[in-house]
Amino acid sequence: MKVTLSTLDTCEGSFTPLVVLELAQDVKEETKEWLKNRIVTKKKDGGAQLLFRPLLNKYEKGTVENQNLYLVGASNIRLLLGAEAVGLVKECSDNTMRAFTYGTRHNFKGFDDNNDDFLTMAECQFIIKHELENLRARDEKMIPGYPQAKLYPGKSLYGIRGYFGETIALYFGFLEYFTFALIPMAVIGLPYYMFVWEDYDKYVIFASFNLIWSTVILEVWKRGCANMTYRWGTLVMKRQFEEPRPGYHGVLGVNAVTGREEPLYPSYKRQLRIYLVSLPFVCLCLYFSLYVMMIYFDLEAWALDLHENSGSEWTSILLYVPSIIYAIVIEVMNRLYRYAAEFLTSWENHRLESAYQNHLILKVLVFNFLNCFASLFYIAFVLQDMKLLRQSLATLLITSQILNQLMESLLPYWLQRKHHVQVKKKVQALKADIDATLYEQVVLEKEMGTYLGTFDDYLELFLQFGYVSLFSCVYPLAAAFAVLNNFTEVNSDALKMCRVFKRPFAEPSASIGVWQLAFETMSVISVVTNCALIGMSPQVNALFPESKADLILIVVAVEHALLALKFILAFAIPDKPRHIQVKLARLEFESLEALKQQQMKLVAENLKEDGQDGGGKATAT
C-alpha cells in the first residue's frame, strides 16, 4: 500500500520530542490554538502534519513557570516522507549515494521498518525546521488575537554531524585539518626562531615554504571536504529554490518565477541603501580604526621613551602594555562593528539568506582585516621596524587568542553552571508526577544563548591564518602559538556547542562556502607581503648598493613567479578526488537515463491513447 501524508495521524499523545517551541508569556489562548491547529493539520489542508503537545499538562501549569513551552515531533513515516521532500541523500546498499525516496527505502543501507534510527537526530530536526518554516498563511488576513499582525497568502508564519548537522561538522573538520596542517610550519619555525634568526639564506627558504604550504593546504582541504560531504550526501544534494528570508519585507506582489504572492522590493532602493548609507558607514569605521591605530603608536613611542630614560626592568615590561591594550581594543571594536554590520545588512533588505550572508561577510572581513593588520603593515612598510613588528605580532596574536577563549567559552560556561544550579532547585520543588528530567532539560536549554552560526569561528581562524602567513619571515613562531591555541580551541568550541548554547538546527552544507575564497585571498596577499619584507631586508639591499630600481624589479619578478606557482598548484590539484568525480558522473548519467526512460514512457502512453481515440472514431463512422 502506498503511504501518503493524508493517511498519517497527528494525534499521538506520546512521542519523542525533537524541537521545543517557546511562545511569549502573554500570548493569547486563541493564538495558541490557531498555531497548534496549523502545526497538526494535514499537509493537503495547509498544515505541517506534525505531532504537538505542551510540555506541562493543565494541572501542572499552575505550579511552575514557563507555561508556554511546547514539544514538536513527528512519526517515523512522517519523517521519512519529509526526508524525501527535502531531498536528503543517503547511502544505498551498493555503496552509492542517492536521493532518498520512501518507495525505494529498502534499497538504502541500514534501513529497517522496525528501526527508528535510520535518520540522524540532526536530520530529523532539519526536517521539522523545514516544515515549520514552510507553514504559510492561506485565507487568514491576520493572526487570531492580534488584528494588527497582518497576513497575506504565502507569508511565512516564523521566522558532530549526527548531532549538529553538516555545517558545524564541516567547521570542526576544517579546524582539525587546519591545526594539523600548521604543525609542519610550527616544527620548521621553532629552530628558525631559536638558532638562525638573522640568517638570510635560510630565511628565504622558510618564507618560500610558507607560500607553497598556504596554497597546498587549501587545495588538499577541498579534496578532503569533497570526500566528507559525499559520504554525508550533501555534495550531491539538489539545491532547492531559495525562499525569501523571514526578515524580508516589501509591497505584496507576484513573483515572476514562482507565480506566488510575496513581498517585492525594488533593487534600486537596496542599492541606494548600500552605496549611500552602508558604504559611507563602513568607510567611517575604517577611518576610526586607523585613528585608534595612530593613538596606539603614540603610546608605543611614550613607552619607548620612558624605557630609554630609565632603563629599569619595570619599564621593559611596560613596553608590552600598549600592544596588549591595543589588542583588547581591537577585539572590542570588532564585536561592536559586528552588531552594526548585522543591523545595516538587515536594513538593506536582501531577499535571500545567501545574499544577506555574503554582504555581511564582506563588511565584517574588510573591517576586521584592516583593524587587525593595519598596524602591522604600517610598522613593516612605513616605520620599517622589524623588532617592533615581531613584538606587535606576537602580542596581538597571543592576546586575541586568550580573549577569544575567555569570552566565547569559559565565561559563558561559568554563567551557565550557576544557572544550572538554580534550575535544579526549581525542579526539585515540583510535583512528583512531572517528568522532571525532561522539564529540567527543556528549561535549562531555554535559558541558554542562541548559537548564531559558524561565522565568528571561521573569522577567528581566518585572522589566525593571516597572522601566520602574512609576516612569517619576521615571526616564524606564530604557527607554534596557533597550534597550541587550536588544540584547546577544539575542546572549547565543543564545550560551547554542548554546554553553553542551544543546539542549533542542522543545515546541509557541501563546503565551507565563501570562507574558502577568503582564505585563498589571504594566501595571495601573503605572497606580496613576504616578498616585500625579504626585499627590504639588509642582506638583500646589500646586494644592490647602487640601484634600488633593479632590486624592486627583481622582487616584483619573484613575487609574480611565486603567484604563478600558486595558481599552477591550484590548477594541478583537482578539487575532487578521481573516485568522487567518477561517482558524480555516474549519478548524472543515471539521472539522465531515468529522465529519458520516463519521457519515452510518457510518449508511448500518449501514442496509445491517440490510437484508441482514432480507433473509436473510425468505428463510430
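Residues numbered from 1 in each chain as written. Predicted model: local features only at pLDDT ≥ 70, side-chain atom pairs only at ≥ 80, totals over all residues. Heavy atoms only, no water.

An unreviewed UniProt entry lists the protein chain under the name Anoctamin, from Phyllostomus discolor. Among the UniProt annotations of the protein chain, the heading Sequence similarities (unreviewed entry) holds the following wording: "Belongs to the anoctamin family." Looking at the Subcellular location (unreviewed entry) heading of the UniProt record, one finds this comment for the protein chain: "Membrane". (UniProt positions renumbered as here; feature names shortened; annotations may be inferred.)

### Here we look at the overall build of the protein chain
Scanning the protein chain from N- to C-terminus turns up 18 helices and nine strands. Looking at the 621 residues of the protein chain, the share that counts as buried comes to 44%. Of the roughly 32,700 Å² that the protein chain leaves accessible, carbon and sulfur atoms contribute 62%. (Helix = DSSP H or I, 4+ residues; strand = E, 2+ residues; numbered from the N terminus. Buried < 20%, exposed > 50% of the residue type's maximum accessible area, 1.4 Å probe, protein only. Areas by Shrake-Rupley, 256 points an atom, 1.4 Å probe, with all protein chains shown as cover.)

### What to know about the pattern of salt bridges
In the structure shown here, the tally under the stated rule is 10 salt bridges. When the shortest N-O distance is used, the salt bridge between Glu123 and Lys90 registers 3.1 Å. With Glu123 in helix H3 (residues 121–133) and Lys90 in strand S4 (residues 89–91), the pair connects residues that are 33 residues apart, well separated along the chain. Both residues of the pair, Glu123 and Lys90, belong to the buried class. If you follow the salt bridges from partner to partner, you end up with Glu219, Lys222, Glu520 and Asp575 in one network. (Salt bridge = Lys/Arg side-chain N within 4 Å of Asp/Glu carboxyl O.)

### Some thoughts on the packing of aromatic side chains
Enumeration according to the criterion identifies 28 aromatic pairs in this entry. Relative to Trp515, the ring of Phe455 has its centre 5.5 Å away and its plane inclined at 70°; by these criteria the two rings are edge-to-face. Taken together, the residues span a long stretch of sequence, with Phe455 in helix H13 (residues 455–470) and Trp515 in helix H15 (residues 514–536) at a distance of 60 residues. Judged by its relative accessible area of 7%, Phe455 is buried. The ring of Phe118 carries Lys90 above its face, with NZ or CZ at 5.0 Å from the centroid. Across from the ring centre of Tyr102, 4.1 Å away, lies the NZ or CZ of Arg105, which sits over that ring. (Phe/Tyr/Trp six-rings, centres within 6.5 Å; stacked < 30°, edge-to-face > 60°. Lys NZ or Arg CZ within 6 Å of the ring centre and 35° of its normal.)

### A few points about the UniProt feature "transmembrane region" (unreviewed entry) in the protein chain
Taking the numbering used here, the UniProt-annotated feature "transmembrane region" (unreviewed entry) corresponds to residues 168–191, 203–221, 274–297, 317–337, 360–381, 461–484 and 551–573. Taken as a whole, residues 360–381 contains 100% helix and 0% strand, while its terminal C-alpha atoms sit 30 Å from one another. Annotation note: span residues 461–484, helix share 71%, strand share 0%, distance between end C-alpha atoms 13 Å.

### With respect to the nonpolar core
Generally speaking, a soluble globular protein has its nonpolar side chains buried in company with each other. Phe462 and Trp515 are the most contacted members of the largest nonpolar core, which totals 79 residues. Looking at this core, the element that brings in the most residues is helix H5 (residues 166–194), giving 13 residues. Excluding anything up to four places from it in sequence, Trp515 contacts Ile361, Leu365, Phe455, Tyr458, Leu459 and Phe462. In this structure, Ile39, Leu79, Leu81 and Tyr102 belong to the second largest nonpolar core, which totals 34 residues. (Core = buried A, V, L, I, M, F, W, Y, C linked by side-chain atoms within 4.5 Å. Contact = heavy atoms within 4.5 Å.)

### Digging into a nonpolar patch on the surface
A cluster of nonpolar side chains, contributed by Leu284, Tyr287, Phe288, Tyr291, Ile295, Leu299 and Trp302, occupies part of the molecular surface with about 780 Å² of accessible area. You can call Leu299 partly exposed: its relative accessible area is 34%. (Patch = residues over 30% accessible without salt bridge, like charges linked within 9 Å, V, L, I, M, F, W, Y side chains within 5 Å.)

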